[in-house]
Every structure is written in structure tokens, then in C-alpha cells.
Amino acid sequence: MFGYITVNREELKIKEEKAYQSYYCGLCHALHMRHGRAGQLTLTYDMTFLVILLNALYEQTMMEKNGRCLMHPVNRHHIRWNDMTLYCADMNIMLAYYNLLDDWQDDRNFTRYAAAKALAKQCWRVCEAYPRQSRAVKGYMKALGECERDRSDNIELAACLTGRMLAEIFVRNEDEWAADLRQMGFFLGKFIYLMDAYEDVDGDIKKGSYNPLGFMREREDFDSECQGILMMQMAECCRAFERLPIVEDAGILRNILYSGVWVKFASVYNKRNKAGENE
């Protein structure tokens, strides 16, 4: 489900691209330090966004170094991380574990089950350390399963479940910024769920799998209607973001929120419509 909250690299300045990559490498580094090689494989762009957001908001001192990794053994990379990176690494593990379990339950894919088993011990440690976030994720998985079994055509129902879960992930500290962070997480969560449904709708219909957008698919204006729904979620997310006192890396964050999230939508839209022209 995750992987939609990323940058539009073509619109980034060179300095911003280097900074973004250093946060991405920092999260990868933190996952390895805390959760081993298996944890490192769960790295997502979504949590990289949260690293940058929380770092810009709380302005904690960064630890920095240059290093190599298994994926890029030849070239050295600039790596930066702090306590917010470690928090996001833990959240990344918890989300990855339950996402893998969900895939196993849906498709009985043993590869996904094995991957989940490899993360189980690390996930339980994270759940013990962050009970509020853990309750949100576990409650979300249970409620989403019920929603999928009921095959509800209420678009808001399942999307709001994802939103409420991610809202708790976005809040590390209960402070004066918690309300706006929750709003950002809530509407980003809805966007992620609906974007995932938009991308998978044709495949889900063929397989007979649940998709809340399935009942809309035959509409002539399906793509534009979906885009409008997604734009409403991002408008509310951006409204909360602009209330936060963020200066550092604001250009990267705005790139993601106002441009990067639409790169995948454009890719799916173009692929679907090109396929339709060739039929």
C-alpha cells in the first residue's frame, strides 16, 4: 500500500536532492542499526517524508557521516540521522510487518509470510515501546479486514481507517503541534489508501478482490473523479502543513506535497489510458 509519498526529482534543486538522499540513506542506516538487514529491506519513501517533516519541525541535531552500503558499494553516500530517524525506522518496521501479514492473508503468498516472520521479533519490540501507535495499527488491521469482508462501497469508510492509523504514526510527541500532525497523517493516509485503490482497481476487478472504487470504474469520468477525490485529501493535508513553523527543508517537503505525490497518479493514468487506446 505504501510508496506514494515521494519527491518529484525533476523539480528538486541540486542541493535539495542531495539533502533528500541523505535523509533516505539515514533512514536506511537507522533500519540496519536497529533492525538488521531484514529491517533495512523495508525502507519506504513514506517514512523518509516523515523523517524530513519531524526533523524540520523539531530541529534536533543531526549525526552525519559518509559511507557505503550493500546496494551502492562503490560510491560513498552522505548519511544523516537523529532521534526522529530512529522513531521513523521503528514505525517503518511496524507498518511493514502488518502490511506483509495483510498480503499473506489476502493472497497466501509464502514469500510475504516468510518476510513477516523475519520481522516479527523486531515488530513486537517496537509495539512495546510505542503502545499508542501499536494500538492504532492493530486496530486498523482488524477494522480494515472487517471492511473488506463486508465489501463496502463507501469510499470514505476504508480510507478513513487508514487515515486514523497514520495520524497516530505522525505524532511522536503529544505537544502543541500534535493536532496539525494528526491532520496531515489522517489525510495523507486517506490519499495513500485511495491512490492504491486507484492503481489496483482493474486488477482487483479481474481477481474479484475488494476495491472501494470498483463500483465507479465504468463511469466515463472515472479518472477525473478519482483525481478530484485525491486532490481534496491533499488540500486538507497541505492546509495543516502550512500551519506548522517549518523553515528547514521546506522546499523538499512542498515538492513532495504539491508535486511528488502526483507523479505516481500521472504514471497510472497514462498507463491505463494508453492501454485503453490500444484495445
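Since this is a predicted model, take the numbers as computed values, not measurements.

Moving on: the packing of aromatic side chains. Going through the model one piece at a time under the given rule, you end up with twelve aromatic pairs. Look at Tyr198 and Phe265: their rings are 4.9 Å apart centre to centre, the planes differ by 15 degrees, and that puts the pair in the stacked class. Here Tyr198, found in helix α7 (residues 178-207), pairs with Phe265, found in helix α9 (residues 250-278); they are 67 residues apart in sequence, far enough to count as distant. On the basis of relative accessible area, Tyr198 is assigned to the buried category, the value being 0%. With a relative accessible area of 6%, Phe265 lands in the buried category. For the ring pair Phe265 and Tyr269, a centre distance of 6.3 Å and an interplane angle of 15 degrees mean the geometry is stacked. One end of the pair is Phe265 and the other is Tyr269, both in helix α9 and four residues apart, which spans about a single turn. In this structure an aromatic cluster arises from ring pairing among Phe191, Tyr198, Phe222, Trp262, Phe265 and Tyr269.

When two helices pack together, their arrangement is given by the angle between their axes and by how far apart the axes lie. As a packed pair, helix α1 (residues 14-40) and helix α4 (residues 110-129) sit with axes 9 Å apart at the nearest point and diverge in direction by 145 degrees. Pair α1 / α4 crosses with left-handed handedness. In this structure, α1 uses Arg34, His35, Ala38 and Gly39 to contact α4, whose residues at the interface are Ala118, Leu119, Gln122 and Val126. Partitioned by chemical class, the residues of the contact of α1 with α4 number four nonpolar, three polar and one charged.

What follows deals with empty space enclosed by the protein. Counted according to the given criterion, the structure contains two cavities of 30 Å³ or more. Where the lining of the second largest cavity is concerned, the elements lending two or more residues are α2 (45-58), α6 (155-170) and α7. For the lining of the second largest cavity, the element with the most residues is α2, which contributes three residues. Counted by class, the lining of the second largest cavity contains eight nonpolar, no polar and one charged residues.

Cut-offs and rules
- Residues numbered from 1 in each chain as written.
- Predicted model: local features only at pLDDT ≥ 70, side-chain atom pairs only at ≥ 80, totals over all residues.
- Heavy atoms only, no water.
- Phe/Tyr/Trp six-rings, centres within 6.5 Å; stacked < 30°, edge-to-face > 60°.
- Helix = DSSP H or I, 4+ residues; strand = E, 2+ residues; numbered from the N terminus.
- Buried < 20%, exposed > 50% of the residue type's maximum accessible area, 1.4 Å probe, protein only.
- Axes fitted to C-alpha atoms, helices over the stretch in contact; angles between N-to-C directions.
- Left-handed = near helix turned anticlockwise from the far one by under 90°.
- Contact = heavy atoms within 4.5 Å.
- Nonpolar A, V, L, I, M, F, W, Y, C, P; charged D, E, K, R; others polar.
- 1 Å grid on protein atoms, 1.4 Å probe; cavity = no way out; pocket = protein on both sides within 12 Å on 5 of 7 lines; lining within 4 Å.
- Points joined across faces, edges and corners; volume = space filled by probe spheres on them.

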